[in-house]
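# A look at the structure
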Amino acid sequence: ICSQRSLVIFLDDLQWADTASLDLLETLVTDRENPGLMLVGCYRDNEVEQDGSHPLAKLIESLQKQQSHYSLSLSIIHVHNTNIQ
């Protein structure tokens with residue numbers, strides 16, 4: 001996919017992704033032939049059951065086992081913490 005240049009793909013609302021799409025993402029993330037590919041995915045953790053029943057939770061668990069991901073949790077950003085006037 002990205003042998004000449006790096007590529008970053010940002011995907012939002014992964015909590016609504018279907019199983020086939022998540023399977024494709026897992027294939028892309030774990031493909032060692034694409035070292036220049038970075039996938040950034042966002043999802044609402046309050047909509048993803050962490051008991052492993054949600055398809056995205058299953059993907060995250062699989063990627064954790066393969067050490068193929070990095071997680072960063074963000075909390076709500078309040079207006080008073082921004083430079084918005």
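It should be noted that the structure appears before, not after, this text.
Described in the following lines is the structure provided in the data block. The structure displayed is predicted, hence computed values, not measured ones.

## Some points on the pattern of salt bridges
Pairs can form between side chains of opposite charge whenever their charged atoms are close. Going through the model one piece at a time under the given rule, you end up with two salt bridges. The residue E47 makes a salt bridge to R44 at a minimum N-O spacing of 3.3 Å. When its relative accessible area of 31% is taken as the criterion, E47 is described as partly exposed. Residue E61 is joined to K65 by a salt bridge in which the shortest nitrogen-to-oxygen separation is 3.4 Å. Of this pair, E61 and K65 both sit in helix α2 (residues 55-66), four residues apart, which is roughly one turn of the helix. Looking at E61, the relative accessible area reads 37%, which means it is partly exposed.

## Details of the pairing of strand β1 (residues 7-11)
Here β1 pairs with strand β2 (residues 37-41) via five bridges, running parallel. What sits directly across from F10, in β2, is V40. The β-α-β motif built from β1, the intervening helix α1 (residues 19-30) and the parallel element β2 has right-handed crossover chirality.

Basis of the calculations
- Residues numbered from 1 in each chain as written.
- Predicted model: local features only at pLDDT ≥ 70, side-chain atom pairs only at ≥ 80, totals over all residues.
- Heavy atoms only, no water.
- Salt bridge = Lys/Arg side-chain N within 4 Å of Asp/Glu carboxyl O.
- Buried < 20%, exposed > 50% of the residue type's maximum accessible area, 1.4 Å probe, protein only.
- Helix = DSSP H or I, 4+ residues; strand = E, 2+ residues; numbered from the N terminus.
- Pairing = 2+ DSSP bridges.
- Right-handed = clockwise from strand over helix to strand, strands pointing away.

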